[in-house]
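Architecture at a glance
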Amino acid sequence: MLLPFLCLLSTVFGDGEILVLGGQGLAGSATLSALLEANFEVTALNDNKNYFDYHETFSSKIESLACLRSAGLSGCFELQNYIKGAPKIRAIVDFTSSAKALMEEAVEILAPLNPEVYVFVSAAAVYDVAIPVPAPIKEEEVQRPESVIMRESYNEKNTFGNNMLGSEEALKDSGLPYVILRCADIVGPRDTTYRWWQYQVWVEHFELINTGFVVPSMLKNMRYSLTYGGDVGQAVVSALQKGVKDRVYNIAMEKEFTLPHFLLELCKAFDSADTCWADFTEAEETYTIYPSNHQGILSIVRAREELDFHPTPWDTVLRETVQFYSEARLRFTNERNTVLQKLGDNVIPYLSVGPLNEAMTQRDGGPRPLGPTPPVNADKIRSEL
């Protein structure tokens, strides 16, 4: 009888308080939803900007602490008061310490909270600044080159990867129990980098934009992983419930991609594979959104075995993400304008921006509902891939 009673207590009184640093973006908002669904109490520390439907979704469900993370935690007065209140913290989940100095500050200031575990959502870009290894890449295969010249060269090629690895190193050195989740490029609804949405607009209004896809030669056949935002939330909750500590996990989908293949899949979703594919060309350098790390696919064996991780199938990710941004074009004006600006700066001829904006704001101008994937010329696809 004791076990059911404890489960009832967990349901009524919650499963512990989680302090989330960030949480407004793609993986962050998905993780907030997963934590709430798992009956955790959540306090989020961020700049309180309303990306997409963040306020509408979470304002009544979580506690918020206003803080401009880039200015440093030491100046966050609401956080200081929160720490003085000595809350009992189950875990800290960090989406924001994207450099070694930020992590060092975070662990120093937040250590008095005595969390059971510090979860850091890192990036697969760390593998780009490590000694190259054959794919699929395993978590233990991150070792910086001994040569200072090689190390500096790798760091210059991927500053983001260097910063994220520095954050990981600072967390490990802090002495706090940790879980590090290394994610590939994250896709899904509510992406505040607007990467997927740019490609989707490009595909949906391909004839109006009148600019074909150009793929860098080095990326044509490069295989890489993607991570679904909802799967990050799944992994965070699983790590907390299973009580794992001092472990690193790759989090990614099972499906492998190349950039041409990803673009083709998106074209197929809009029944425009032949049109999109006809204008596919190569170049040495061009505007590229995916991938941001170039060491290859990730092994998720450890996450499967230790976290019981089950990544969302690609067909589901594609359908849900396309549907979200198809509806977002009318619902989220500021975000839509940001997408147009990015495309205007990098892709679209200047005179096409106005007509494109008009097309995106027409209520009958959205994509057809996604149904079964239409047939395409398989021989042509195989030859071009």
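Remember, predicted model here, so these are calculated numbers, not experimental data.

1. Regarding the overall build of the chain
When you go through the chain residue by residue, the secondary structure sums to 17 helices and 11 strands. Sorting the 385 residues of the chain into buried and exposed places 52% on the buried side. Relative to all contacts within the chain whose residues are 6 or more apart in sequence, the contacts with residues 24 or more apart total 81%.

2. Let's talk about the packing of helix α8 (residues 195-204) against helix α15 (residues 333-346)
Interaxial distance between α8 and α15 falls to 10 Å at its minimum, and their mutual angle equals 70°. By the criterion of interaxial angle, the relationship of α8 to α15 is roughly perpendicular. For the pair α8 and α15, contact is made by Trp197, Gln198 and Val201 and by Glu335, Arg336, Val339, Lys342 and Leu343, respectively. In the contact of α8 with α15, the residues fall into four nonpolar, one polar and three charged.

3. Some words on the packing of aromatic side chains
Using the criterion set out here, one finds 21 aromatic pairs in the structure. Here the aromatic rings of phenylalanine 262 and tryptophan 314 are separated by 6.3 Å at their centres, their planes lie at 55°, and the arrangement is tilted. Of the two residues, phenylalanine 262 is situated in helix α11 (residues 259-269) and tryptophan 314 in helix α14 (residues 314-331); the sequence distance between them amounts to 52 residues. The two residues phenylalanine 262 and tryptophan 314 agree in class, both being buried. Of the aromatic side chains, those joined through ring pairs into one cluster are Trp196, Tyr199, Trp202, Phe206, Phe213, Tyr224, Phe257, Phe262, Tyr290 and Trp314.

4. Some words on the nonpolar core
Judged by nonpolar contacts, the single largest core of 77 residues is most densely connected at Leu19, Leu35, Leu73, Leu79, Leu110, Tyr118 and Leu240. Residue contacts for leucine 73: discarding those within four places in its chain leaves Leu45, Cys67, Leu79, Gln80, Glu105, Ala106, Ile109 and Leu110.

5. Regarding helix α10 (residues 229-242)
Along its 14 residues, α10 runs 20 Å from first to last C-alpha, staying within 8% of the 20 Å computed at 1.5 Å per residue. Counting buried residues along α10, 10 of its 14 residues qualify, which places the element largely inside the surrounding structure. Looking at α10, one finds that the buried residues are Gly229, Asp231, Val232, Gly233, Ala235, Val236, Val237, Ser238, Ala239 and Leu240. Where α10 ends, the next residue or the one after it, glycine 243, has phi of about 70°, a positive value.

6. Description of the side chain of aspartate 94
Of note, aspartate 94 is situated in strand β4 (residues 89-94). At 4.6 Å, arginine 69 is the nearest oppositely charged side chain to aspartate 94, a buried residue that forms no salt bridge. Among the polar contacts made by the side chain of aspartate 94, one reaches the side chain of serine 97 at a distance of 2.5 Å. With residues near it in sequence (within four places) discarded, aspartate 94 still touches Leu21, Met103, Tyr118, Val119, Phe120 and Val121.

Cut-offs used in this document
- Throughout this document, residue positions are counted from 1 along each chain, in the order its sequence is written.
- With pLDDT at 70 or above as the cut-off, local features in this predicted model cover only qualifying residues; side-chain atom pairs require 80 or more to be listed or tallied, and sums for whole chains, interfaces and linings still use all residues.
- Only hydrogens and water are set aside when side-chain values are computed; all heavy atoms of the structure are taken into account.
- Counting from the N terminus, the helices are the DSSP runs of H or I reaching at least four residues and the strands are the DSSP runs of E reaching at least two.
- Relative accessibility decides the category of a residue: with a 1.4 Å probe and only protein chains considered, values under 20% of the type maximum give buried, values over 50% give exposed, and everything between is partly exposed.
- Should any heavy atoms of two residues lie within 4.5 Å, those residues are considered in contact.
- As a rule, the C-alpha atoms of each element are fitted with a line to give its axis, helices using only the stretch in contact, and angles between N-to-C directions run from 0 to 180 degrees.
- In what follows, roughly perpendicular refers to angles from 65 to 115 degrees, roughly parallel to angles under 35, roughly antiparallel to angles over 145, and oblique to any angle outside these ranges.
- Side-chain classes follow a simple rule in which Ala, Val, Leu, Ile, Met, Phe, Trp, Tyr, Cys and Pro form the nonpolar group, Asp, Glu, Lys and Arg form the charged group, and the remainder, Gly included, forms the polar group.
- Only rings of Phe, Tyr and Trp enter the pairing, Trp through its six-membered ring, and a pair is recorded when the two centres are within 6.5 Å. The plane angle decides the type: under 30 degrees is stacked, over 60 is edge-to-face, the rest tilted.
- Throughout, nonpolar core names a set of buried Ala, Val, Leu, Ile, Met, Phe, Trp, Tyr and Cys residues whose side chains join them through atoms within 4.5 Å.
- The span you would expect from a helix comes to 1.5 Å times its residue count less one.
- Counting rule applied: Lys, Arg positive; Asp, Glu negative; His and chain ends not counted.
- A pairing counts as a salt bridge when a side-chain nitrogen of Lys or Arg comes within 4 Å of a carboxyl oxygen of Asp or Glu.
- Think of a polar contact as two N or O atoms within 3.5 Å of one another; within protein, one of them needs to be a possible hydrogen donor and the other a possible acceptor, and neighboring residues in sequence only count if both atoms come from side chains.

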